[in-house]
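Commentary on secondary and tertiary structure
Each chain, written out:
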Amino acid sequence: MAKRKEKIKPATPSKRMKLALSKRQQVILGSFLMFFGIALILSFVSYFFTWEPDQSQLGNLSERKTETSNLLSKFGAFMGHLFIYDGFGVAAFILAFLILISGWYLFMNKTKAPLVTFWFWGLLLMVWFSVFFGFFHTELALLGGVIGFEMNDYLQDYIGATGTALLLAFVMIFYLVMRLKITPDTIVGAFKSSKATLKDELETSKEIEQERNVEVRADRNPKEETETPTVKTFKPEEVSWSKSTAQGTPDAVKQEGSESISLTPERDQSASTPQVEVQMEVEEAPEEEEIASISEKLVKDFGQFDPRLELSNYRFPPLDLLKDHTSGSGITIDQEELEENKNKIVETLNNYKIGISNIKATVGPTVTLYEIIPDAGIRISKIKNLEDDIALSLSALGIRIIAPIPGRGTIGIEVPNKNPKTVSMRSVIASQRFQNAEMELPIAFGKTISNETFVADLAKMPHLLMAGATGQGKSVGLNAILTSLLYKKHPAEVKFVLVDPKKVELTLFNKIERHYLAKLPDSDEAIITDTTKVINTLNSLCIEMDARYDLLKDAMVRNIKEYNQKFKNRKLNPNEGHRFLPYIVLVIDEFADLIMTAGKEVETPIARLAQLARAIGIHLIIATQRPSVNVITGIIKANFPARVAFRVTSKIDSRTILDNSGADQLIGRGDMLYTQGNELTRLQCAFVDTPEVADIVDFIGAQKAYPEALLLPEYVGEEAGTTLDIDIDDRDPKFREAAETIVIAQSGSTSLLQRKLKLGYNRAGRIIDQLEAAGIVGPFEGSKAREVLVPTIDALNQLLNEEQNE
């Protein structure tokens, strides 16, 4: 039976054409558009005054001798006739202004300007005005233009004049609500506020007039007030107080009779003067309503709190600092390679009597995904077991079979490309998916097999575990994560705590210490390399976590996003300890080295942060070579649902990282698998070189910064020694013998005393504490032996004799 030839269907990745312009080109194009827009405006204005004499010359505009009255001569006459008479009428001015605004944004290099939004709403408004003027002025084409007249004529033929009017009204309501955010509630609110303001002004003017009348009467009858003083008494119910009067201490209560009655009796008054005690009951407004009204007033007067205000002139790094490492214009599809691989896959499966009904390919930067649909009755496990046979026939490294692909109903075979492409960080950062990402902490990892930019939110992960063999891209992945956040978040919104035991991977970020980094108060460098400082920093973050939870409890919110929104709306009082809370990202490189040197002292605060820190904006990124059980405990690993695996050497390592196989079949050089607790996603990590990172941090570091880095709460470590055994009389009977043993061995170890003096652990530990209190050994240093401070036996005897003499 002849073999069926299966035609491959290459799934070409969708590409968006982008206009990449340099700064000089933007200035030139922007200036051209600005002058062109000004020329159109002048042409349109002049056309309304000169259109009648120029109308007869329109057919002869190509001749040089033709004279026109327009301000811009034949060009102005032609443009005015084209856009106003034959076009949109008066609404054509909107087009001219759109061109002018676009040119201004390009000229000023404002790349983030929403030009597409401006053009969409501007063109919609232009069409609406053209149809509107054409509806009411069908005979005068200058107002609505030919397009407005024809559209009116077309609409009225189908829905009539009434339907056209209703359609115009609906489009205008749509524009007001979607573009200008004007709703019936805002209109009613504005009307009420203006009404209340007018009422307050009227009452104020009445009070001023009453005060003037009182002053005039007092000027006319000065003798009557001095000669015949009268004391007027009021019943308690006749005196009405406002809340503002009750809260202060007024000297007088003003009545409608425009008289001032003193509530403080004079000392020389006669005893016969009646004294009336007035009891005032002031209704206090509920506290929540009062706070809400105060916050609304503050927002109305000062606007929302802006955390970026202190560094309002901060500029994000431009894309020019990143290099385009991709060779050529993107992914090139090698049809011969696709056809060859497809034939070999079909042939290999046919050798094992597995028929295929359909096959198609999706070309990625480093891997091509072949999706096959087997004939009915073929077991999926039978295809999955042929992984090595397919790899042998294709002579390729890292064949990976996905059986089945979730949500597609097909079986996937991932085959590495012969000529893999590098995914540059620039292409990922410049993508619309990253630029328009509405995420709290967006991270651009790279590109998927279908050549789509993959962006994830660190705030929703909420912690990330990265692992892989040496040299497979972990450090580049960390740089890609940090670069993504630097391009998206302001220094007031995110802070980094960087732990680098290797001392060389993250040192570049020292230059942005006062912009983006956080550190301990007594620390000289923000990049943490010392094990002791790592322990103190982790415990300090736990203190910060508890303090933030207290703030959230007082503010009655559940997470940092709600808290910061409430603080921006000025509903939280800074005098009560409330402040804007930036996100804190803890990055630890070579986590296994910390566990080996510090052990439980690092594990305990990491476990606390992993379990609790998500809601208050502290997120962890941990990188290690192999997260085995002795490095990443079950408690920590359970709180890291988001994991990134680079290439490893065995299936066991892959299962240790991902709880699934597949990482052992990657091809290296940034090829990675990402999971967030569900299916695996194969990505090509974006490549950012060290010089690029240096340029970015130099650009940021050259700008105005905060006075110092964000200071974490101070943490005082628990002292390993004790001050209870300083008294010589309370020392252990074997104290001197133990001291001599320690000095001779020059090793302050508890186990040494256990062996040499045949002591139990508790007693040996107490003697070590006494030796530290006496100044013979140094403080606790984790798993290392304590430092011996006394060099010789003679020095020890001298020290002990001096203590006895004292």
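Residues numbered from 1 in each chain as written. Predicted model: local features only at pLDDT ≥ 70, side-chain atom pairs only at ≥ 80, totals over all residues. Heavy atoms only, no water.

**Focus: the overall build of the protein**
- Secondary structure assignment for the protein yields 27 helices and 18 strands.
- Within the protein, contacts between residues at least 6 apart in sequence are counted, and of these 67% link residues at least 24 apart.
- If you sum the accessible surface of the protein, you get close to 46,000 Å²; carbon and sulfur atoms cover 53% of it. (Helix = DSSP H or I, 4+ residues; strand = E, 2+ residues; numbered from the N terminus. Contact = heavy atoms within 4.5 Å. Areas by Shrake-Rupley, 256 points an atom, 1.4 Å probe, with all protein chains shown as cover.)

**Section: the environment of Ala444**
- Mapped onto the elements, Ala444 comes out in strand β8 (residues 442-448).
- Once you skip the residues sitting within four places of it in the chain, Ala444 turns out to touch Met425, Val428, Phe434, Phe454, Val455, Ala480 and Ser484.

**Examining the pairing of strand β15 (residues 642-645)**
- Of the two faces of β15, both are covered, the one formed by Ala642 and Val644 as well as the one formed by Arg643 and Ala645.
- Both strand β10 (residues 464-467) and β15 contribute to a ladder of four bridges, which runs parallel. If you follow Ala467 over to β15, its bridge partner there is Ala645.
- Where β15 lies against strand β16 (residues 671-676), four bridges are found, and the strand directions are antiparallel. Within β16, the position partnered with Arg643 by the bridge is Thr675. (Buried < 20%, exposed > 50% of the residue type's maximum accessible area, 1.4 Å probe, protein only. Pairing = 2+ DSSP bridges.)

**Considerations on the sheet that holds β10**
- Strand order in the open sheet formed by nine strands is β9-β8-β17-β16-β15-β10-β14-β13-β11, and the pairing between neighbours is mixed. Taken across any chain shown, the strands that pair with only one partner, and hence form the sheet edges, are β9 (453-457) and β11 (494-499). Between one strand axis and the next, the sheet turns through 30 degrees on average, direction left out of account.
- Summarising the sheet, strand β13 (residues 583-588) and strand β14 (residues 618-624) pair through five bridges and their orientation is parallel. By the bridge assignment for β14, Val587 is matched with Ile621.
- Those strands touched by helix α15 (residues 474-488) are β8, β10, β11, β13, β14 and β17 (681-685), and its axis lies near 125 degrees from that of β8. (Axes fitted to C-alpha atoms, helices over the stretch in contact; angles between N-to-C directions.)

**Side note on the confidence of the model for the protein**
- On average, residues of the protein score 79 in pLDDT, and 79% of them reach the 70 mark or higher.
- Within the model, the stretch residues 719-725 combines pLDDT values under 50 with 12 contacts to residues more than four positions away or in other chains. (pLDDT = per-residue confidence, 0-100.)

**So, the side chain of Thr624**
- As for its position among the elements, Thr624 is in strand β14.
- Excluding residues within four positions of it along the chain, Thr624 makes contact with Met466, Ala467, Gly468, Lys474, Phe591, Ala592 and Val631.

**Description of the packing of helix α24 (residues 735-745) against helix α27 (residues 793-805)**
- Packing of α24 against α27 leaves a shortest axis separation of 10 Å and a crossing angle of 145 degrees. Between α24 and α27 lies a crossing whose hand is right-handed. Every residue of α27 that contacts α24 at Phe735, Arg736, Ala739, Glu740, Val743 and Ile744 is listed here: Ile793, Leu796, Asn797 and Leu800.
- For the contact of α24 with α27, a count of residues per class yields seven nonpolar, one polar and two charged. (Left-handed = near helix turned anticlockwise from the far one by under 90°. Nonpolar A, V, L, I, M, F, W, Y, C, P; charged D, E, K, R; others polar.)

**A look at the pattern of salt bridges**
- Per the counting criterion, the structure on display carries 24 salt bridges.
- Here Glu505 ties to Lys502 by a salt bridge, and the two come within 3.4 Å at their closest N and O atoms.
- The class for Glu505 is partly exposed, based on a relative accessible area of 27%.
- Ionic pairing is found between Glu740 and Arg736, a salt bridge with its closest N-O pair at 3.9 Å. In this pair, Glu740 and Arg736 are both assigned in helix α24, four residues apart and thus about one turn of the helix distant.
- By relative accessible area, Glu740 is classed as partly exposed at 29%.
- In this structure Arg736 comes out as partly exposed when scored by relative accessible area, which is 33%.
- Overlapping salt bridges bring together Arg400, Glu414, Asp671 and Arg682 as one network. (Salt bridge = Lys/Arg side-chain N within 4 Å of Asp/Glu carboxyl O.)

**Considerations on a negative patch on the surface**
- A surface patch of like charges, here negative, comprises Asp522, Asp524, Glu525 and Glu714.
- Mapping Glu714 onto the fold places it in the loop between β18 (710-711) and α24.
- When its relative accessible area of 61% is taken as the criterion, Glu714 is described as exposed. (Patch = residues over 30% accessible without salt bridge, like charges linked within 9 Å, V, L, I, M, F, W, Y side chains within 5 Å. Lys, Arg positive; Asp, Glu negative; His and termini not counted. Charge placed at Lys NZ, Arg CZ, Asp CG, Glu CD.)

**Topic: the pairing of β13**
- When you tally the buried positions in β13, you get six out of six residues, the bulk of the element.
- Of the two faces of β13, both are covered, the one formed by Tyr583, Val585 and Val587 as well as the one formed by Ile584, Leu586 and Ile588.
- Across six bridges, β11 lies against β13 in parallel orientation. If you follow Val494 over to β13, its bridge partner there is Tyr583.

**Remarks on the packing of aromatic side chains**
- Tallying each qualifying case throughout the model produces 20 aromatic pairs.
- A ring pair is formed by Phe305 and Phe580, whose centres lie 6.5 Å apart and whose planes are at 45 degrees; its orientation type is tilted. Of this pair, Phe305 sits in the loop between α9 (287-302) and α10 (335-351) while Phe580 sits in the loop between α18 (560-568) and β13, and the two are 275 residues apart along the sequence.
- Relative accessible area serves as the criterion here: at 29%, Phe305 is assigned to the partly exposed category.
- Plain terms: the ring middles of Phe445 and Tyr674 are 5.4 Å apart, the flat faces sit at 40 degrees to each other, and that makes the pair tilted. Taken together, the residues Phe445 in strand β8 and Tyr674 in strand β16 connect sequence positions 229 residues apart.
- According to the relative accessible area criterion, Phe445 is buried, its value standing at 3%.
- Put simply, the rings of Phe44, Phe48, Phe83 and Phe93 pair up and form one aromatic cluster.
- Here the basic side chain of Lys488 rests over the ring of Phe434, its NZ or CZ set 5.4 Å away from the ring centre. (Phe/Tyr/Trp six-rings, centres within 6.5 Å; stacked < 30°, edge-to-face > 60°. Lys NZ or Arg CZ within 6 Å of the ring centre and 35° of its normal.)

**Looking at unusual backbone geometry**
- In this structure, Pro462 follows Met461 across a cis peptide bond, with omega equal to 0 degrees.
- Secondary-structure assignment places Pro462 in the loop between β9 and β10.
- Of note, the phi angle at Asn451 is positive, near 65 degrees, even though the residue is not glycine.
- Looking at the secondary structure, you find Asn451 in the loop between β8 and β9.
- The backbone of Asp659 sits at a positive phi, close to 60 degrees, despite the residue not being glycine.

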